[in-house]
Amino acid sequence: MNHSNHNHHDNLDMISIDVMQVALSFLFLLALFDYFFAVKTSNRRHKQWPFSRTIFWILGICCIGVATISPLQIMSHSNFVAHMIIHFLIGMLAPLFIVCSAPMTLLLRTLHVKQARLLTRLLKSRLNQMLLNPIVTLLLNIGGLWLLYMSPLFSMMSQNHFLHWFIHVHLFIAGYLFIAGYLFTLSIIYIEPIPHKNSFVFRSVVLLIALAGHEILSKYLYAYPPNGVPKLQAEIGGYFMFYAGDMVDVILIYIVCYQWFRASKPRAFSTTKLDNV
């Protein structure tokens, strides 16, 4: 009887996983279709939308897809290295690609004037200003990671035997990691329209603090594995987190420096011109 109930729960778990994967696959395809449709609409009204931004959107959606509906997602339940790869894909790489695809700018180009004005007012709201404050996004992003690995939450995820519960919690955490990573990236590199802009110095300091927080956490996990994580997996996962995170951080640093250079170049040119006069 118990064996029959166990098989019944396993079947329900597999059905739950299949339904979740189908639903997510549909959402990802819809996101791709909507972006392509918006690009086509924008190109009819304005100059050509950069093809590179479309590629960035595709890459971002693919990263999210691999992290949520591939076998890697199931493996992460018992494999810390797979969990770290998912963290990298959905919390760091996907947000970078999505921000570089500039979906908000594309949306503003495709909306009618009244709708675009309404969206602009929302972007200028105090709530949006708070959410895009680099200090707030730093706490949401790096602080959330420290809370996940330093609290009993990660151990509960690893030790729980009800797979459907794990899937739901995992997807919730994956969603949080993406949103936190997206807001942080958006608050550091101004590719989208940001009404309330912070200085390059301030954003650079926050970026360096985030880099340090991420690297310290990866080294801590390397030396002190979370409960239930084998030492070898913790070492490989921490190693991957350290160097893969560095790769994304280097890209962010490059973008910030490039934008800083471009922003200061006209000013320097103007000053030189006035001095010559």
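Here the structure is a predicted model, which means the values were calculated and not measured.

### A few points about the overall build of the protein chain
- Scanning the protein chain for helices and strands turns up 12 helices and 0 strands.
- Sequence-ordered secondary structure for the protein chain, helices as α and strands as β, is α-α-α-α-α-α-α-α-α-α-α-α.
- Counting every position in the protein chain, which comprises 277 residues, the buried fraction comes to 45%.
- Contacts in the protein chain between residues far apart in sequence, at least 24 positions, make up 77% of those at least 6 positions apart.
- For the protein chain, the computed accessible surface area is about 15,700 Å², with 70% contributed by carbon and sulfur atoms.

### Notes on unusual backbone geometry
- Positive phi is not limited to glycine here, since alanine 102 has a value of about 50°.
- Judged by relative accessible area, which is 0%, alanine 102 ranks as buried.

### Considerations on helix α8 (residues 134–150)
- Its 17 residues place the ends of α8 23 Å apart at the C-alpha level, agreeing with the 24 Å of an ideal helix rising 1.5 Å per residue.
- Of all bends in α8, the biggest is about 30°, found at glycine 143.
- Restricting attention to buried positions, one finds in α8 the residues Pro134, Thr137, Leu138, Asn141, Ile142, Gly144, Leu145, Leu148 and Tyr149.

### As for the confidence of the model for the protein chain
- Residue-level pLDDT values for the protein chain average 83, and 83% of them are 70 or greater.
- Segment residues 161–165 is flagged for pLDDT under 50; beyond a separation of four residues in sequence, or across chains, it makes 8 contacts in the model.

### Re a nonpolar patch on the surface
- A contiguous nonpolar patch, built from Phe26, Leu27, Leu30, Phe33 and Phe37 and spanning about 540 Å² of accessible area, is present on the exposed surface.
- With respect to the secondary-structure elements, phenylalanine 26 resides in helix α1 (residues 2–45).
- Phenylalanine 26 gets classed as exposed once you look at its relative accessible area, which sits at 55%.

### Here's the deal with the side chain of serine 204
- By the secondary structure assignment, serine 204 is in helix α11 (residues 200–223).
- On the basis of relative accessibility, which here comes to 18%, the residue serine 204 falls in the buried class.
- Here phenylalanine 200 takes part through its backbone oxygen, which lies 2.7 Å from a polar atom of the side chain of serine 204.
- Those residues within four positions of serine 204 in sequence are excluded, and the remaining contacts are Val256 and Trp260.

### Some points on the packing of helix α5 (residues 103–110) against helix α6 (residues 113–123)
- Between α5 and α6, the shortest axis-to-axis distance is 9 Å and the interhelical angle comes to 150°. Where α5 abuts α6, its residues Met104, Leu107 and Leu108 lie against Ala116, Leu119, Thr120 and Leu123.
- Broken down by class, the residue content of the contact of α5 with α6 amounts to 6 nonpolar, 1 polar and no charged.

### Re empty space enclosed by the protein
- A full pass over the atoms with the stated rule returns 3 cavities of 30 Å³ or more.
- Put simply, the largest cavity is a space of about 140 Å³.
- Gly91, Met92, Asn141, Phe184 and Asp249 are the residues nearest the centre of the largest cavity, which is lined by 14 residues in total.
- Classifying every residue of the lining of the largest cavity gives 7 nonpolar, 6 polar and 1 charged.

### A few points about the packing of aromatic side chains
- Using the criterion set out here, one finds 12 aromatic pairs in the structure.
- For the pair tyrosine 35 and tryptophan 57, a centre-to-centre distance of 4.8 Å together with 10° between the ring planes defines the contact as stacked. Taken together, the residues span a long stretch of sequence, with tyrosine 35 in helix α1 and tryptophan 57 in helix α2 (residues 51–69) at a distance of 22 residues.
- Aromatic side chains phenylalanine 242 and tyrosine 243 sit 4.9 Å apart centroid to centroid with 75° between the ring planes, which places their arrangement in the edge-to-face category.
- On the basis of relative accessible area, tyrosine 243 is assigned to the partly exposed category, the value being 46%.
- In textbook terms, an aromatic cluster arises when at least three aromatic residues are bridged by ring pairs, as seen for Trp146, Tyr220 and Tyr224.
- Directly above the ring of phenylalanine 200 sits arginine 203, whose terminal nitrogen or CZ lies 4.4 Å from the centroid.

Definitions and cut-offs
- Residue numbers run consecutively from 1 along every chain, following the written order of its sequence.
- Local features in this predicted model are restricted to residues whose pLDDT is 70 or higher, and side-chain atom pairs enter the listing and the counts only when it is 80 or higher, whereas totals over whole chains, interfaces and linings include all residues.
- To get the side-chain values, all heavy atoms of the structure are used, and hydrogens and water are removed first.
- The numbering of helices and of strands both runs from the N terminus, where a helix is a DSSP run of H or I of at least 4 residues and a strand a run of E of at least 2.
- A simple rule labels every residue: compare its accessible area, found with a 1.4 Å probe on the protein chains alone, to the largest value its type can have, and call it buried under 20%, exposed over 50%, or partly exposed in between.
- Two residues form a contact once any of their heavy atoms are found within 4.5 Å.
- Each accessible area is a Shrake-Rupley result for a 1.4 Å probe, and residues are judged covered by the shown protein chains and nothing else.
- Expected span of a helix, by definition, is 1.5 Å for each gap between consecutive residues, and there is one gap fewer than residues.
- Think of it this way: the bend at a residue is just the angle between two axes, each fitted to seven residues, one set ending at that residue and the other starting at it.
- Confidence of the prediction at every residue is given by pLDDT, a number between 0 and 100.
- Residues enter patches when they are more than 30% accessible in relative terms and free of salt bridges; like-charged ones are connected within 9 Å and nonpolar ones (Val, Leu, Ile, Met, Phe, Trp, Tyr) within 5 Å.
- Think of a salt bridge as a Lys or Arg side-chain nitrogen and an Asp or Glu carboxyl oxygen that are within 4 Å of each other.
- Throughout this description, a polar contact denotes any pair of N or O atoms lying within 3.5 Å of each other; where both atoms belong to protein, one of them has to be capable of donating a hydrogen while the other can accept it, and for residues adjacent in sequence the pair is counted only when both atoms sit in side chains.
- Only C-alpha atoms enter the line fits that serve as axes; for helices the fit covers just the stretch in contact. Angles between N-to-C directions range over 0 to 180 degrees.
- Residue polarity follows a fixed list, in which Ala, Val, Leu, Ile, Met, Phe, Trp, Tyr, Cys and Pro are nonpolar, Asp, Glu, Lys and Arg are charged, and the others, Gly among them, are polar.
- The distinction between a cavity and a pocket rests on a 1 Å grid over the protein atoms alone: a 1.4 Å probe fits inside a cavity but cannot get out, while a pocket stays open yet meets protein on both sides within 12 Å along at least five of seven lines, and a residue with an atom within 4 Å of a point counts as lining.
- Grid points are joined across faces, edges and corners, and a volume is the space filled by probe spheres set on the points.
- Aromatic pairing here means that ring centres of Phe, Tyr or Trp (its six-membered ring) are within 6.5 Å. Orientation follows from the plane angle: under 30 degrees is stacked, over 60 is edge-to-face, and everything else is tilted.
- Our definition puts a charge over a ring when NZ of Lys or CZ of Arg is within 6 Å of the ring centre and also within 35 degrees of the ring normal.

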